[in-house]
Amino acid sequence: TGELRRLTRNLEQLVEQRTDQWKAEAEKHKATSARLADVAEILGELVENISQVLWLTNAAGTKVLYVSPSYERVWGRKCEQLYSEPMSWLSAVHPADRDRVVRLMQTHQASGGYDGEYRVIRPDGSVRWIRDRGFPVHNAQGEAYRVAGIAEDITERRETRRVLEMQARVLESMAEAVLLVDDNGTIKLTNPALDSLLGYGPGDLLGQPLASVVAHPTEQYRRKFEEDLQQVKTQGSVAGQTT
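What counts as what
- Going along each chain's sequence as written, the residues are numbered from 1 onward.
- Totals for whole chains, interfaces and linings use every residue, but because this is a predicted model, local features are given only for residues with pLDDT of at least 70 and side-chain atom pairs only at 80 or more, for both listing and counting.
- Side-chain numbers come from the whole structure's heavy atoms, not from hydrogens or water.
- Helix numbering and strand numbering both begin at the N terminus, where a helix is a DSSP run of H or I of at least 4 residues and a strand a DSSP run of E of at least 2.
- To estimate the expected span of a helix, subtract one from its residue number and multiply by 1.5 Å.
- Between buried and exposed lies partly exposed: a residue is buried under 20% and exposed over 50% of the maximum accessible area for its type, with that area taken using a 1.4 Å probe on protein chains only.
- To obtain the arc, one takes the directions from the helix axis to the C-beta atoms.
- Residues are treated as being in contact if the distance between any of their heavy atoms lies within 4.5 Å.
- Between any two strands, at least two bridges found by DSSP are needed for them to pair.
- For helices, the fitted axis covers only the stretch in contact; all axes are lines through C-alpha atoms, and the angles between them, taken along N-to-C directions, range from 0 to 180 degrees.
- Stacked, edge-to-face and tilted labels apply to pairs of Phe, Tyr and Trp rings (six-membered ring for Trp) whose centres lie within 6.5 Å, assigned for plane angles under 30 degrees, over 60, and everything in between, in that order.
- Only Lys NZ and Arg CZ are tested; either one counts as a charge over a ring when it is within 6 Å of the ring centre and within 35 degrees of the ring normal.

Draft legend 1. Local environment of helix H5 (residues 95–108). With 14 residues, H5 extends 20 Å between its outermost C-alpha atoms, agreeing within 8% with the 20 Å of an ideal straight helix rising 1.5 Å per residue. Taken as a whole, H5 has its buried residues at Asp97, Val101, Leu104 and Met105. Taken down its axis, H5 places every buried residue within 95° of arc, on the same side. Pointing more than 90 degrees away from the buried face of H5 are the exposed residues Pro95, Asp99, Arg103, Gln106 and Thr107. Tucked into the core, H5 has its buried residues touching helix H4 (88–91) and strand S3 (114–121).

Printed below as a string of structure tokens:
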């Protein structure tokens, strides 16, 4: 009887210890699940609102596992169509770019070197420039079994670059000397006509103070520069002569 009571107490103590351990583990799993749910919600909000298109396919690219909602805004086509027709995104690529995109996808996507720019034609006939990048996803055995990627609309960026390049060509060919300084009087840009006028080589004046190319005493120059700067800010321009 005594031995039975001892065994019973031991069993009760063991059950109590196990119960406490299970409760602690349950609370830990509950807290972990709550954190994971919070992270999943945050990631979901992020994916729903970013402008880039996130996509995930199998290694062969024959099955779309995921595409973010921004695909519909950029391509102008439904995500459901892409899930049912995984290559429908390619049919929207401009005919002049399609062969190049296919070659790039076949040779570089699974290796991680897939990074290309191409045009897509949306159903309304508008054309958008896309930068598309793909990266291999490896399993535990080190095999690339999926490809993840991100695509973004760079139409405005390319147009801005085109305008800047055109402006640069105009600036380079102007006969008038052009000088650009910041609020501190630091030279930020010159054109060939100004470099030639002052006897400097291309780029020699960049980053130099404007005072280094004027003949006025420092204090007189400083006051004149501040007056001119204030007039430009308030009236948009200033006219005069300098030496």
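Picking up after the structure, the text goes on.
Draft legend 2. Region of interest: the sheet that holds strand S2 (residues 64–67). The antiparallel open sheet is built from five strands, whose spatial order is S2-S1-S5-S4-S3. Each having just a single partner strand, S2 and S3 make up the two edges of the open sheet. In this sheet, neighbouring strand axes are inclined to one another by 25° on average, regardless of whether the strands run parallel or antiparallel. Inspection of the sheet shows strand S4 (residues 127–138) paired to strand S5 (residues 144–153) by nine bridges, in the antiparallel sense. Its bridge partner being in S5, proline 136 is matched across the sheet by valine 147.

Draft legend 3. Expanded view of the pairing of S2. Note that strand S1 (residues 53–58) and S2 share three bridges and pair antiparallel. Within S2, the residue paired with leucine 56 across the bridge is tyrosine 66. Turn length for the S1-S2 hairpin, with the two strands adjacent in sequence and antiparallel, is five residues, and the turn residue glycine 61 shows positive phi of about 75°.

Draft legend 4. Inspection of the packing of aromatic side chains at higher detail. Inspection of every chain in the model, using the stated rule, returns two aromatic pairs. Relative to tryptophan 75, the ring of tyrosine 71 lies with its centre 5.1 Å away and its plane at 25°, an arrangement referred to as stacked. Taken together, the positions of tyrosine 71 and tryptophan 75, both in helix H2 (residues 70–75) and four residues apart, correspond to about one turn of that helix. For the pair tyrosine 71 and tryptophan 75, a shared accessibility class is recorded, and that class is buried. Pairing tryptophan 89 with tyrosine 118 gives two aromatic rings, centres 6.2 Å apart and planes at 45°, and the pair type is tilted. Of this pair, tryptophan 89 sits in helix H4 while tyrosine 118 is found in strand S3, placing the two residues 29 residues apart along the sequence. Judged on exposure class, the residue tryptophan 89 and its partner tyrosine 118 are both buried. Looking at arginine 158, its charged tip hangs above the ring of tryptophan 129, at a distance of 3.6 Å from the centre.

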